[in-house]
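The primary structure of each chain is shown beneath.
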Amino acid sequence: MTDTPSLFSRIVAVIWSGVLAFAVLAVASGAWGGLMAANKKTGLAIPWSVPVMALVLWLIWVYLGGRWWPHSTSESRRLCLRANPVSGRVFGWALVAGVLSIVALTGCWIVLFQLVKMRPNNLGDISRIPLLTVILLLVMSSLVSPVSEEAAFRGYCQVVLERKFPGAAAVLVSSVFFALAHLTQGFYLSKLSVYFLAGVVLGLIAYLTKSLLPGIAVHIVADLTFFTLVWPFDAKRRLVWEGGADAWFWIHVAQTVVFAALAIVAFRKVASVTQGERSGGASRALSYAVGEPAGQTDMR
């Protein structure tokens, strides 16, 4: 029988998880922002910031995973990052659930942009930047955010919360922090609601699989999708209150509803597969413990 965490310990966990998450995010995003700013001063024809950031990102990931000083926190850092390998079946179903969720969330974002007047996300002027540089910067941006944000919010933040809260509550709280991290894109409840839902999707993947790896893959797909197919067109979206709802508006409404339903089905499959694998692993461990060959069934 385990003791129920006190209210004070839960409050401390929420505060500490938020501090950890934003500290990890600040280091990674600050490094990338600083490198890009320096690269612009020297000219973007040679995008040297990309390989440098790849090295910095790897160093951050390795440190968060438990390497180097202080050694007294190595195991704690390894557990918080939870970069645990998963089976191909679990990874595949998590990817399916995540991609279906991304399709639903892109539809939701587009619908909200036609219902509520919002400032589009600033992608900067890329018209004078060489195409190869644009591609490299886009690829690196689509790696920095997923790796750092998954480590921050679904790793360090959510792991701390899961020790004091039920899984669902931990996912919701980490998703609130994830949404707040995007206040830099404007204080719009409609925007923040999509980021919150994205946090729920990624938080569920991490909670069900006990790993950040599937969520990082899903997050990369999401960032590339929004960077290339959604955000560049937000400024041209017409409010339905100004010109009425056209066919595309209703198509995106249907897209949101249908793919959200499919994502729920896929998440149920993820839960079933992970539970089955853990049950199978526990059964094999018990068989070895009592001296029975793995897979032997008692037919009495």
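All values reported here derive from a predicted model rather than from experimental measurement.

Student: Please explain the overall build of the protein chain as it appears in this structure.
Tutor: Looking only at helices and strands, the protein chain features 10 helices and 0 strands. When the elements of the protein chain are put in sequence order from the N terminus, they spell out α-α-α-α-α-α-α-α-α-α. Judged by the C-alpha coordinates and their principal axes, the protein chain covers about 70 × 50 × 40 Å. For the protein chain, the proportion of its 300 residues judged to be buried stands at 43%. Just so you have it, the protein chain exposes about 16,200 Å², and 70% of that area is on carbon and sulfur atoms.

Student: Sorry, what's going on with the packing of aromatic side chains here?
Tutor: Any two aromatic rings considered together are summarised by their centre-to-centre distance and by the angle between their planes. Applying the stated criterion across every chain, the model contains 10 aromatic pairs. When the ring of tryptophan 109 is compared with that of phenylalanine 226, the centres are 5.7 Å apart and the planes differ by 80°; the resulting orientation is edge-to-face. One end of the pair, tryptophan 109, is in helix H4 (residues 88-115); the other, phenylalanine 226, is in helix H8 (residues 213-230), with 117 residues separating them in the sequence. Taking the centre distance of 5.3 Å and the plane angle of 80° together, the rings of phenylalanine 227 and tryptophan 231 count as edge-to-face. Since its relative accessible area comes to 10%, tryptophan 231 is described here as buried. Three or more aromatic residues joined by ring pairs form one cluster here, namely Trp109, Phe113, Tyr195, Phe226, Phe227 and Trp231. The ring centre of tyrosine 63 lies 4.2 Å from the NZ or CZ of arginine 77, which sits over that ring. Positioned over the ring face of phenylalanine 178 is arginine 154, at 4.3 Å from the centre of the ring.

Student: Would you mind going over unusual backbone geometry with me for this structure?
Tutor: Keep in mind that most residues, glycine aside, have a negative phi and that most peptide bonds are trans. Following tryptophan 69, the chain continues into proline 70 via a peptide bond in cis, with omega recorded as -5°. Despite not being glycine, arginine 82 shows a phi value in the positive range, around 40°. Relative to the helices and strands, arginine 82 is located in the loop between helix H3 (74-81) and H4. Relative accessible area serves as the criterion here: at 6%, arginine 82 is assigned to the buried category. One non-glycine residue, lysine 210, adopts positive backbone phi at about 60°. Inspection of the secondary structure puts lysine 210 in the loop between helix H7 (189-209) and H8. Judged by its relative accessible area of 30%, lysine 210 falls in the partly exposed class.

Rules used in this analysis
- Residues numbered from 1 in each chain as written.
- Predicted model: local features only at pLDDT ≥ 70, side-chain atom pairs only at ≥ 80, totals over all residues.
- Heavy atoms only, no water.
- Helix = DSSP H or I, 4+ residues; strand = E, 2+ residues; numbered from the N terminus.
- Buried < 20%, exposed > 50% of the residue type's maximum accessible area, 1.4 Å probe, protein only.
- Areas by Shrake-Rupley, 256 points an atom, 1.4 Å probe, with all protein chains shown as cover.
- Phe/Tyr/Trp six-rings, centres within 6.5 Å; stacked < 30°, edge-to-face > 60°.
- Lys NZ or Arg CZ within 6 Å of the ring centre and 35° of its normal.

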